[in-house]
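Coordinate analysis (summary)
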Amino acid sequence: MAKKDLDNDLFSGGSISDEKKKTKKEKKVKSGSKGRKGISANNAKIIRSVVAAVLVAALLVTYVATGLVRKGFIHSTLQWTTYLTAVTVKSDDGDKIHVPVSTYNYYYALEYNNLKQRQEAANSSNDENSSIMEILGLLQEPIDADFSKPLSKQTTTDENDETITWQEYVYNKVIDSIKETYTFYLAAVKENEGKEPEITATQKSQLEQTLSEYREAAEKYGYTLSAYLVAVMGKGVTENVFRREAVRSYIADNYKSSISSEKVEVEYTDADYDKYKQENPDNLKGVDVRIFEADSEKDAKAFKDALKADGSNFTELAVQYAKDGFYKNYYAEDTASTIRFATKAFFKDSSYSIANADDASKDEDERTYAGLDWLYSADRKAGDINQFSKTVVYVVSPAAEPDSNAINIRHILVSPKDDPSKASEASDADWAAALKEAENILDQFNKSDKKAESFAALAGENSDDPGSKDNGGLYENVAPGQMVLPFNNWCFADGRKAGDTGIVRTESGYHIMFLDSETETPLWKSFAELQMSAKDSMSKADKLQEDYTAKVNWFGSRYFEIDTDIDR
């Protein structure tokens, strides 16, 4: 099983959560200056992602009832223009689709109506729409567009702080929406052997319900459904167009959701590894430490002050300052507070205070880390002790490039609860029963031929780890820092060799360990791959969007909707 498929109960970018769950690295969010007129990229993305039927519904009746009908009868005489190409969406492989003007106008109505709804919701705190938009998180920034005047005559600032008209703003979002939807729609159809995938029964029901409501509104004002949609959404947006675009949006959303969690595999050459090693030598060094994250700085300071120079009472203090019974039992083992071959990247992905950035508001490449600078300094030596906020660290071995290789490891998880994620809720009796079961399974293995195949068979019959059970308990090409600490430390203990067995306790239960083999991949190369892929990898969804482009057809653009609701 590939490293990227490691089960969450085992995989850890940091520790086994120690006192806290691992926190995600901060993400920089672009925001405009105070009082900025424009709309953030995040809010714009939210708008584009909401289902089309929901976006239009609230304003359709209002448009007709108040007489703000956008030249519906004139539009009806220009239906031939809807067959013109508005935008061509094309992949690097040559797959493409010509999107007609009617589709552009459909998306224009969605974007325009959304913008207007947001403004109306912001100005009417008691309105039902306000509550809906607040739930969607769309009331964070003001909209200063005046919808009684042409949007092409009013300016705002885009996400790059450049001045554009509100009409240009809507136009840009429409093109983005079309590109995104048709990128995933095309990919979904291609993967389904050239046929449109079916949408869900719920989606079909939602679409029919929406069209039924529109039909009732149309009849109320003396329109057919298609004439009604043309009147309120623009040239060519008939019932068939509305239905087609809604279905394609559903297909695109379904496909995007299905691949968003998948990562694109990144392959590196020996030259890539060597270059990274030459440019980032310190990132490939690992330290061996005893480490503890206290609940408060006060506890951390007391821990440090009581810690002996030789670190001999580290385990005792960890148990003393652990927050509850489970962790007191957990820290009773030396391996629970020991990390071997820990890199800077390991700590940056952890929740230890020693890895806190000096200024988290800066871009990642500009951040400094005083705690890590101290830990990885060439001046460090075994026995050094320090406290950084709530972290207490004791240096076992200073930073150095490891000379060992990655491993292939098999294990069988025996959890004290049916659901391993709830193991911390188990009683002492549950844990005792789990340990006895683990010992019995290990005894069975020791009475066998002690080969990997025999261990794999036992894993298939007994393991509670869904991530490896069907693969004989195997995780391949494992490097330090990928697994939770007790598991990790057993794997990389001094003198560990192929064929070794043992039992390790983690937060999930007892693990029966079997070191399958040592690979030919040096640990420094494993570290380099993890660090490069973390920077270079992207989801399949993001990669797909990079592979597609959208080109606007000049002649078709002459028939695009502009300045909605304004008599020109």
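Residues numbered from 1 in each chain as written. Predicted model: local features only at pLDDT ≥ 70, side-chain atom pairs only at ≥ 80, totals over all residues. Heavy atoms only, no water.

**Examining the overall build of the protein**
To keep things clear, this is the line we draw: Every helix listed is a DSSP run of H or I at least four residues long, and every strand listed is a run of E at least two residues long, numbered separately from the N terminus. Residue contacts are counted whenever heavy atoms from the two residues lie within 4.5 Å of one another. In this description, accessible areas are obtained by the Shrake-Rupley approach with a 1.4 Å probe, and a residue is regarded as covered only by the protein chains that are shown.
Across its full length, the protein carries 21 helices and 13 strands. In the protein, once contacts between residues fewer than 6 apart in sequence are set aside, the share between residues at least 24 apart is 73%. Approximately 27700 Å² of the protein is accessible, and the part contributed by carbon and sulfur atoms is 47%.

**Overview of the sheet that holds strand β8 (residues 391-400)**
Operational definition: Two strands qualify as a pair provided DSSP detects at least 2 bridges between them. Structural elements are reduced to axes, namely lines fitted to C-alpha atoms, with helices fitted over the stretch in contact, and the angle between N-to-C directions of any two is expressed from 0 to 180 degrees.
The sheet built from 4 strands is open, its strands ordered β6-β5-β8-β7 with antiparallel pairing. Every other strand in the sheet has two partners, leaving β6 (338-342) and β7 (385-388) as the edge strands with one partner each. The sheet shows a mean angle of 30° between the axes of neighbouring strands, direction not considered. By the bridge criterion, 4 bridges tie β7 to β8 in an arrangement that is antiparallel. The residue bridging Phe388 from the neighbouring strand is Thr391, located in β8.

**With respect to the nonpolar core**
What counts, and what does not: Residues belong to a common nonpolar core when they are buried Ala, Val, Leu, Ile, Met, Phe, Trp, Tyr or Cys residues joined through side-chain atoms within 4.5 Å. Partly exposed residues are those whose accessible area sits between 20% and 50% of the maximum for their type, while under 20% is buried and over 50% is exposed, using a 1.4 Å probe and protein chains only.
Core analysis: the largest hydrophobic core is formed by 60 residues, its most contacted members being Val89, Tyr104, Tyr106, Ile178, Tyr228, Met233 and Phe242. Put simply, the parts of the chain that give this core at least two residues each are β1 (85-91), β2 (96-100), α4 (101-123), α6 (166-191), α7 (201-220), α8 (225-233), α9 (239-259) and α20 (540-547). Among the elements that make up this core, the one with the highest residue count is α6 (13 residues). With 54 residues, the next largest nonpolar core counts Val289, Phe303, Tyr352 and Leu375 among its residues.

**Notes on unusual backbone geometry**
Although it is not a glycine, Lys450 sits at a positive phi angle of roughly 60°. Residue Asn477 is not a glycine yet carries a positive backbone phi of 55°. Residue placement: Asn477 occurs in strand β10 (residues 474-478).

**Considerations on the pairing of β8**
The side chains of a regular strand alternate, first on one face of the sheet and then on the other. Pairing geometry for strand β5 (residues 286-293) and β8, over 7 bridges, is antiparallel. Paired with Phe292 across the two strands is Val392, which belongs to β8. In sequence, β7 turns back onto β8 through a hairpin of 2 residues, with Ser389 there showing a positive phi of about 55°.

**Some remarks on the packing of α6 against α9**
Pairs of packed helices are described in terms of their axes, by the angle between the two and the distance that separates them. As a reminder of what qualifies: For this classification, under 35 degrees means roughly parallel, over 145 means roughly antiparallel, 65 to 115 means roughly perpendicular, and everything else is oblique. When residues are grouped by polarity, Ala, Val, Leu, Ile, Met, Phe, Trp, Tyr, Cys and Pro land in nonpolar, Asp, Glu, Lys and Arg in charged, and all others, Gly among them, in polar.
Running from N to C, α6 and α9 cross one another at 75°; their axes reach a closest spacing of 8 Å. Regarding the angle of α6 to α9, the classification is roughly perpendicular. In this structure, α6 uses Glu180, Thr181, Tyr182, Phe184, Tyr185, Ala187, Ala188 and Glu191 to contact α9, whose residues at the interface are Glu245, Arg248, Ser249, Ile251, Ala252, Tyr255, Lys256 and Ile259. Class assignment for the residues of the contact of α6 with α9 results in 9 nonpolar, 2 polar and 5 charged.

**What about the confidence of the model for the protein?**
Using the following cut-off: By definition, pLDDT measures how confident the predictor is in each residue, and it falls between 0 and 100.
Confidence in the prediction for the protein averages 81 pLDDT; 80% of positions are at 70 or higher. Across the protein, the secondary-structure element scoring lowest on mean pLDDT is helix α1 (residues 41-49), at 38, and the one scoring highest is β7, at 97. Taken as a whole, residues 1-77 scores under 50 in pLDDT and shows 188 contacts with residues more than four places along the chain or in a different chain. A low-confidence stretch, residues 135-140 stays under pLDDT 50, and its non-local contacts, those more than four residues away or across chains, total 14 contacts.

**Re the pattern of salt bridges**
For clarity, the cut-off: Salt-bridge detection follows one rule: a side-chain nitrogen of Lys or Arg within 4 Å of a carboxyl oxygen of Asp or Glu.
A full pass over the atoms with the stated rule returns 23 salt bridges. Among the salt bridges present, the one from Lys256 reaches Glu180, with a minimum N-O distance of 2.8 Å. Taken together, the residues span a long stretch of sequence, with Lys256 in helix α9 and Glu180 in helix α6 at a distance of 76 residues. Side by side, Lys256 and Glu180 carry an identical accessibility label, which is buried. Of the charged contacts in the structure, one is a salt bridge between Lys277 and Glu401, with a shortest N-O distance of 3.4 Å. A residue pair is termed long-range when its members are at least 10 positions apart, and Lys277 in helix α10 (residues 270-279) and Glu401 in the loop between β8 and β9 (405-414) qualify at 124 residues. Overlapping salt bridges bring together Glu208, Arg215, Glu239 and Arg243 as one network.

**A word on the sheet that holds strand β13 (residues 548-552)**
Taken in spatial order, the 3 strands line up as β2-β1-β13 in an open sheet, and their pairing is antiparallel. Of all strands in the sheet, those with a lone pairing partner are β2 and β13, marking the two edges. Taking each pair of neighbouring strands and ignoring which way they run, the sheet shows an average axis angle of 20°. Where α6 meets the sheet, its contacts fall on β1, β2 and β13, and the angle it forms with β13 comes to roughly 135°.

**Structural notes on the pairing of strand β11 (residues 501-506)**
Residue alternation in β11 divides its side chains into a buried set, Gly502, Val504 and Thr506, and an unburied set, Thr501, Ile503 and Arg505. Both β11 and strand β12 (residues 509-522) contribute to a ladder of 6 bridges, which runs antiparallel. The residue bridging Ile503 from the neighbouring strand is Ile512, located in β12. Taking the residues between adjacent antiparallel strands as the criterion, β11 and β12 are bridged by 2 residues.

**Structural notes on the packing of aromatic side chains**
So the rule is basically this: Any two of the Phe, Tyr and Trp rings considered here, Trp counted by its six-membered ring, make a pair once their centres fall within 6.5 Å; the pair's planes then place it as stacked at under 30 degrees, edge-to-face at over 60, or tilted in between. Placement of a positive charge over a ring is assigned whenever Lys NZ or Arg CZ falls within 6 Å of the ring centre and within 35 degrees of the normal to the ring plane.
Counted under the stated rule, the structure contains 27 aromatic pairs. Consider the rings of Tyr268 and Tyr273, whose centres lie 6.1 Å apart with planes at 65°: the pair is edge-to-face. Accessibility assignment for this pair places Tyr268 and Tyr273 in one class, buried. Considering the side-chain rings of Phe292 and Phe303, the 5.2 Å spacing of their centres and the 10° angle between planes classify their relative orientation as stacked. One end of the pair, Phe292, is in strand β5; the other, Phe303, is in helix α11 (residues 297-306), and 11 residues separate them in sequence. Phe303 matches Phe292 in its accessibility class, with the two residues each being buried. Cluster of aromatic residues (ring-pair linked, three or more members): Phe292, Phe303, Phe314, Tyr321, Tyr327, Tyr330 and Tyr331. For Lys277, the ring lying beneath its charged end belongs to Trp524, and the centroid distance is 4.3 Å. One residue, Arg496, lies across the ring of Trp490, its end atom 3.9 Å from the ring centre.

**Some thoughts on the packing of α10 against helix α19 (residues 523-536)**
Put simply, α10 and α19 touch, their axes get as near as 10 Å, and they point 90° apart. Between α10 and α19, the crossing angle belongs to the class labelled roughly perpendicular. Where α10 abuts α19, its residues Asp270, Asp272, Tyr273, Asp274, Tyr276 and Lys277 lie against Trp524, Lys525, Ala528, Glu529, Gln531 and Met532.

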